[in-house]
Amino acid sequence: MATLLWFRSDLRLTDNPALAHALAVGESVYPLFIKEPEGENPWALGGASRWWLHYALEELDKALSSKGLRLIIREGDPQKVLDALVKETKATHLCWNRCYEPHAIKRDTELKRHFIQAGLDVSSFNANLLVEPPKVANKSGKPFQVYTPFWKHCLTLDWGSVASVSWKKQVIPSRWPKSDKLSTLGLLPKIRWDKGLKEAWDPSAQGLKKQLRHLKKIITSYSKDRDYPAIEGTSCLSPYLHFGQISPREIIAACGGASAMKKNQGAETYLKELFWREFAYHLLYHFPHTPKKPLRPAFEAFPWRQDKRQLKAWQAGQTGYPLVDAGMRQLYKTGWMHNRVRMVVGSFLVKNLLLDWQHGARWFWDTLVDADLASNTLGWQWVGGCGADAAPYFRVFNPITQSERFDEAGDYIRTYVPELAKLPDKFIHQPWLAPEEALEDAGVRLGETYPRPIVDAKESRQRALEAYQAIKKTP
DNA sequence: TTTTGAGTTGTTCGA
DNA sequence: GTCGAACAACTCAAA
């Protein structure tokens, strides 16, 4: 008699219902992580996410060890791996916390059927969402497609509470099946480009604790500070949340509970952000084609441009617009980008360059440590204007205005675009307007040390408005 | 069923 | 410099 406990996007020992269940069953518990073959999943982890996963797994193994357990790591097709382990451990129980990506739902449904047929007791739990998608619908029984009604509806629901986990000695197996070494998964880059990630992040439990302390400090001013990329006014919990090192229920508990949060404007805004994540999962669940296709079908005919050079310039942070370039370089260097800047670079790619939002989604997927299929899809379809509750077509962010408004002193730009650091504040947002002398004094040679703008903001805005106009006319 | 009010994050233009 | 309106129509959600 034994229980297989399969970890996936829930790499934690607290608020973990599957773990609580496994312990309650009371027999030997075998914690397991399976690295799936990448060929079959179009959304296999990007480089930055793999880097994070490595450390999250290392940390999970450490935490399990402190309880006398270990993390068994195997590589391969989940059904084959689980079949083998059922044999090796004589397991009678199999449990996990649910995932919500379309491919994961399909995989889990098949596995559940297979192992129930094989005579196992299979159970799954909700650990990672406050409201699970099948449980949320409007009065016509349909999924919400607008955030505010979704949020209002969620306020009437029970969000569950932090699952308590009680440890017992008898769950420690006397013999362990063999495990792959974490290093053999090859999650860390072979060419060590991860220096910037290392400097920016601590994926360990200690790092998470530090980030939670930071959240408590900034939360009351969250609603006003979160928009300024040079201020550390956001929680930076997204990667921990993505890999399930912390649950949304735990975050709310750490903030003093939902009712306390609703009484403070900063905290309430943050709570609503957590529900944007819920909304993203809700949409992905009900519209599983959206990572690949626009939710609004008219957009399938959108006249996107093709321009590899401009796409590369955007990716590399060489567009000639300092705020855009700062954001793209922050992303590449640290695996993360401030939310305000994500909107600015997104709008720039989609509207000013008129390149398909999917290029942006793919690049973010490969470079973000917090890459999350649900949130990434919602974000890009929002900025592309083709999703649920989309930005109106005429909402084209002006990369200069945004820069002046949200990075007035240019601190953020100077951090990530050091070749402009010596330019005075009044020229840093649009160096191409700086007089020769100012450029020379700052050591800037346009077209050499820093590019001239690859498009004209005003003209490209007009071009975007016309392209979006065209879409409206197609039925 | 029909109607009504509302909808994350902006920009520009003209008074 | 500041302010309000226009930018378009559509879809959703609820009364």
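Residues numbered from 1 in each chain as written. Chains lettered and ligands numbered in written order. Predicted model: local features only at pLDDT ≥ 70, side-chain atom pairs only at ≥ 80, totals over all residues.

What follows covers the overall build of chain A. When you go through chain A residue by residue, the secondary structure sums to 22 helices and five strands. Burial status across chain A gives 43% buried among its 475 residues. (Helix = DSSP H or I, 4+ residues; strand = E, 2+ residues; numbered from the N terminus. Buried ≥ 20, exposed ≤ 12 C-beta atoms within 10 Å, placed from the backbone.)

On to the sheet that holds strand 3 (residues 72–75), then. Taking strand neighbours across the sheet as the criterion, the five strands line up as 3-2-1-4-5 in an open arrangement whose pairing is parallel. Across the chains shown, the open sheet's two edge strands, defined by having one partner strand only, are strand 3 and strand 5 (121–125). Pairwise comparison of adjacent strand axes, ignoring direction, gives a mean angle of 25° for this sheet. By the bridge criterion, four bridges tie strand 1 (residues 2–7) to strand 4 (residues 93–97) in an arrangement that is parallel. Looking at strand 4, one finds that L4 is bridged to L94. Each of strand 1, strand 2 (28–35), strand 4 and strand 5 is contacted by helix 1 (residues 17–25), which is oriented at about 160° to strand 4, the strand it contacts most. (Pairing = 2+ DSSP bridges. Axes fitted to C-alpha atoms, helices over the stretch in contact; angles between N-to-C directions. Contact = placed C-beta atoms within 7 Å.)

Attention shifts here to the packing of helix 15 (residues 339–352) against helix 16 (residues 357–367). It is at 9 Å that the axes of helix 15 and helix 16 come closest, and there the two elements cross at 145°. Between helix 15 and helix 16, the contacting residues are G346, L349 and V350 on the first element and W357, H359 and G360 on the second. Looking at side-chain class alone, the contact of helix 15 with helix 16 contains three nonpolar, three polar and no charged residues. (Nonpolar A, V, L, I, M, F, W, Y, C, P; charged D, E, K, R; others polar.)

The next thing to look at is the protein's contact with DNA strand C. Taken together, the neighbourhood of DNA strand C is formed by N138, K139, K142, F144, Q145, V146, P149, K152, H153, P392, Y393 and F394. Here the surface near DNA strand C is built from residues that sort into six nonpolar, three polar and three charged. (Near = placed C-beta within 6 Å.)

Near DNA strand B lie 15 residues; those nearest to it are Y147, T148, W276, N398 and T401. Listed by contribution, the elements that provide at least two residues to the surface near DNA strand B are helix 5 (147–154) and helix 18 (399–406).

Moving on to the domain arrangement of chain A. In terms of domain boundaries, chain A breaks down into domain 1 (1–127), domain 2 (129–159 + 198–286) and domain 3 (297–470). Taken over C-alpha atoms, the centre of domain 2 sits 26 Å from the centre of domain 3. Facing the 20 residues of domain 2 at the interface are 21 residues of domain 3. For the side of domain 2 that touches domain 3, the secondary-structure elements that each account for two or more residues are helix 9 (238–242) and helix 12 (265–286). For the side of domain 2 that touches domain 3, the element with the most residues is helix 12, which contributes six residues. For the side of domain 2 that touches domain 3, the residue count by class is 13 nonpolar, four polar and three charged. (Domains from an automatic or database assignment.)

Across five bridges, strand 4 lies against strand 5 in parallel orientation. Each bridged residue has a counterpart across the sheet, and for C95 the counterpart in strand 5 is S123. With respect to chirality, the unit in which strand 4 leads through helix 4 (residues 102–117) into the neighbouring parallel strand 5 is right-handed. (Right-handed = clockwise from strand over helix to strand, strands pointing away.)

Attention shifts here to the nonpolar core. One finds L4, L5, Y30 and L32 to be the most contacted residues of the largest nonpolar core, which totals 122 residues. Broken down by element, this core gets its largest block of residues, nine residues, from helix 12. With residues near it in sequence (within four places) discarded, L32 still touches L4, L5, W6, F7, I72, R74 and L85. (Core = buried A, V, L, I, M, F, W, Y, C linked by C-beta atoms within 7 Å.)

Moving on: helix 1. If you check which residues of helix 1 are buried, you get P17, A18, L19, H21, A22 and L23. Buried residues belonging to helix 1 abut strand 1, strand 2, strand 4 and strand 5. Positive backbone phi, at 90°, marks G26, one or two positions downstream of helix 1.

Of note in the backbone geometry, K90 takes a positive phi value of approximately 55° without being a glycine. Locating K90 in the fold gives a position in the loop between helix 3 (78–89) and strand 4. Judged by C-beta crowding, with 11 C-beta atoms within 10 Å, K90 ranks as exposed. Backbone geometry places D389, a non-glycine residue, at a positive phi of 55°. Of note, D389 is situated in the loop between helix 17 (373–384) and helix 18.

Interaxial distance between helix 12 and helix 17 falls to 8 Å at its minimum, and their mutual angle equals 90°. What the angle tells us is that helix 12 and helix 17 run roughly perpendicular. Contact residues: R277, F279, A280, Y281, L283 and L284 in helix 12; L373, A374, S375, T377 and L378 in helix 17. Of the residues belonging to the contact of helix 12 with helix 17, the class tally is eight nonpolar, two polar and one charged. (Parallel < 35°, antiparallel > 145°, perpendicular 65-115°, else oblique.)

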